[in-house]
Amino acid sequence: MRDIGFIGLGIMGRPMAERLLDAGYALTVFNRTPQKAEPLRARGAQWAHSPEEVAHRSALILTMVSDSAALEEIARGPEGILRGIRPNTIHVDMSTVSPETTERLERAYREREAAFLHAPVLGNWRQAAEGKLLIFVGGDPQAYQRCEPVLRVLGHRIWYFERIAQATHMKLIANSFIAGMILTLAQAFVFGRRVGISPDRLLEILDASALNAPMYQSKGRTMRERNFRPNFYTRHMLKDVDLALEAARRANVPLPVLSVIRELFVTAVARGFGEEDYSAVLKVLEEMAGVTPQEQGA
Ligand code: NA7
């Protein structure tokens, strides 16, 4: 499987596609906004005019798109993958989407004698560029075996789940940690500032303690610098929190903490921070407390 189709060249998709090119794979790419494919075309990737055309040309297709609606569109739309798919083709979606979507697509591909796997990832664009993503993959075991070498180029740890929705759910659980952790850190920053404890001192003490997490240090630094350039959009975090709440509701599991977290991300998007990094939720807590960024506490 040296010929791969890749659809979705956003913050995450582009470095993933570049890494596959670096590893010697021949890529056929498609992106809704064609300009985003230019850097890859300059490096030898072939352009396809639609997901359907990608499917005509590739036995393995990877996708990394925004949400369930985008995935449905590229899979089942009028120029979607399923229109061009041949038997034995494997489509591995790596986006964060709903369990109903992945289960539905798995059935639709099976009817066409093809396979759909879900392989959402944990990690940012830098880890994508370095092949250091964590991958949760679910679906048909034979299809997984066939595409595992390709996934190993993108991720240094892979966890396989037999049922596709287990991988989908695992990603939603992981992202609910991220949403909670960023708010725990943000409220500590705001509280600390008000009472005269600087972010630097707070991070130093966290670092020395059992409470620390690498994420607190990396996000703590960018929040302290007020750098909200998106590694992961606030609007995507809200989407993922909503997906987790909906999936939990279907499973009859209350997620009371995540419900509160949701309101803060809704506020962040309503305040216009949707296109910023999700750590911009700090600004919501600052506004609630009436704490200004200047009130540094140090
Ligand atoms: P980005 O940078 O917003 O990229 C999203 C990609 O999805 C981008 O290529 C979009 O094309 C594409 N997209 C969005 N909607 C559609 C539709 N309707 N049809 C086709 N393609 C579409 O997100 P990230 O790379 O940060 O995240 C990707 C996933 O990983 C997401 O699920 C996160 O939650 C985790 P565009 O360039 O806008 O035309």
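Criteria and cut-off values
- Residues numbered from 1 in each chain as written.
- Predicted model: local features only at pLDDT ≥ 70, side-chain atom pairs only at ≥ 80, totals over all residues.
- Heavy atoms only, no water.
- Near = heavy atom within 4 Å.
- Polar contact = N/O pair within 3.5 Å; in protein donor to acceptor, adjacent residues only side chain to side chain.
- Areas by Shrake-Rupley, 256 points an atom, 1.4 Å probe, with all protein chains shown as cover.
- Helix = DSSP H or I, 4+ residues; strand = E, 2+ residues; numbered from the N terminus.
- Domains from an automatic or database assignment.
- Salt bridge = Lys/Arg side-chain N within 4 Å of Asp/Glu carboxyl O.
- Contact = heavy atoms within 4.5 Å.
- Buried area = accessible area lost by both parts, 1.4 Å probe.
- Nonpolar A, V, L, I, M, F, W, Y, C, P; charged D, E, K, R; others polar.
- Buried < 20%, exposed > 50% of the residue type's maximum accessible area, 1.4 Å probe, protein only.
- Pairing = 2+ DSSP bridges.

The next thing to look at is the site of the ligand. For the ligand, the set of nearby residues contains 23 residues, the closest of which are Ile 11, Asn 31, Thr 33, Lys 36 and Lys 239. Residue Met 12 places a main-chain N or O atom 2.8 Å away from an oxygen atom belonging to the ligand. In this structure, an oxygen atom belonging to the ligand sits 2.7 Å away from a side-chain N or O atom of Lys 36. Taken by itself the ligand offers 790 Å² of open surface, and the protein chains cover 89% of this. Elements with a minimum of two residues in the shell around the ligand: helix 4 (68-76) and helix 12 (234-250). Among the domains, domain 1 (3-162) and domain 2 (169-296) are the pair contributing at least three residues each to the shell around the ligand.

Another point: the pattern of salt bridges. By the definition in use, this model includes 23 salt bridges. Ionic pairing is found between Glu 246 and Arg 249, a salt bridge with its closest N-O pair at 3.4 Å. With Glu 246 and Arg 249 both in helix 12, this residue pair falls three residues apart, about one helical turn. Salt-bridge contacts for Lys 283 lead to Glu 276; the nearest nitrogen and oxygen are separated by 2.8 Å.

Glancing now at the side chain of Glu 286. By the element assignment, Glu 286 lies in helix 14 (residues 281-289). For Glu 286, the residues in contact, after removing those within four places along its chain, are Val 190, Arg 193, Arg 226, Val 291 and Pro 293.

Let us look at the domain arrangement of the chain. We note that the domain assignment places domain 1 (3-162) and domain 2 (169-296) within the chain. For domain 1 versus domain 2, the separation of C-alpha centres amounts to 29 Å. Listed per partner, the contact involves 15 residues of domain 1 and 16 residues of domain 2. A per-residue breakdown of the area domain 1 buries against domain 2 is headed by Ile 11, Thr 96 and Pro 99, which together make up 37% of the total. On inspection of domain 1 and its partner domain 2, the count reaches one salt bridge. Note that Glu 100 and Arg 250 form a salt bridge whose closest N and O atoms lie 3.5 Å from each other. Summed over the shared surface of domain 1 and domain 2, the number is five residue pairs in polar contact (both at pLDDT 80 or more). Contributing elements (two or more residues each) for the side of domain 1 that touches domain 2: helix 6 (99-111) and strand 7 (121-122). By residue class, the composition of the side of domain 1 that touches domain 2 is nine nonpolar, four polar and two charged.

Moving on to the environment of Asn 212. If you trace the backbone, Asn 212 turns up in the loop between helix 10 (199-208) and helix 11 (214-224). If sequence neighbours within four positions are ignored, Asn 212 has contacts with Leu 206, Asp 207 and Gln 217. A polar atom in the side chain of Asn 212 sits 2.9 Å from the side chain of Gln 217.

Attention now moves to the pairing of strand 4 (residues 60-63). Side chains of strand 4 alternate between two faces, with Leu 60 and Leu 62 and Ile 61 and Thr 63 buried alike. Pairing between strand 1 (residues 3-7) and strand 4: four bridges, direction parallel. Bridging from a neighbouring strand, Gly 5 pairs with Ile 61 of strand 4. Here strand 4 pairs with strand 5 (residues 90-93) via four bridges, running parallel. Each bridged residue has a counterpart across the sheet, and for Thr 63 the counterpart in strand 5 is Asp 93.

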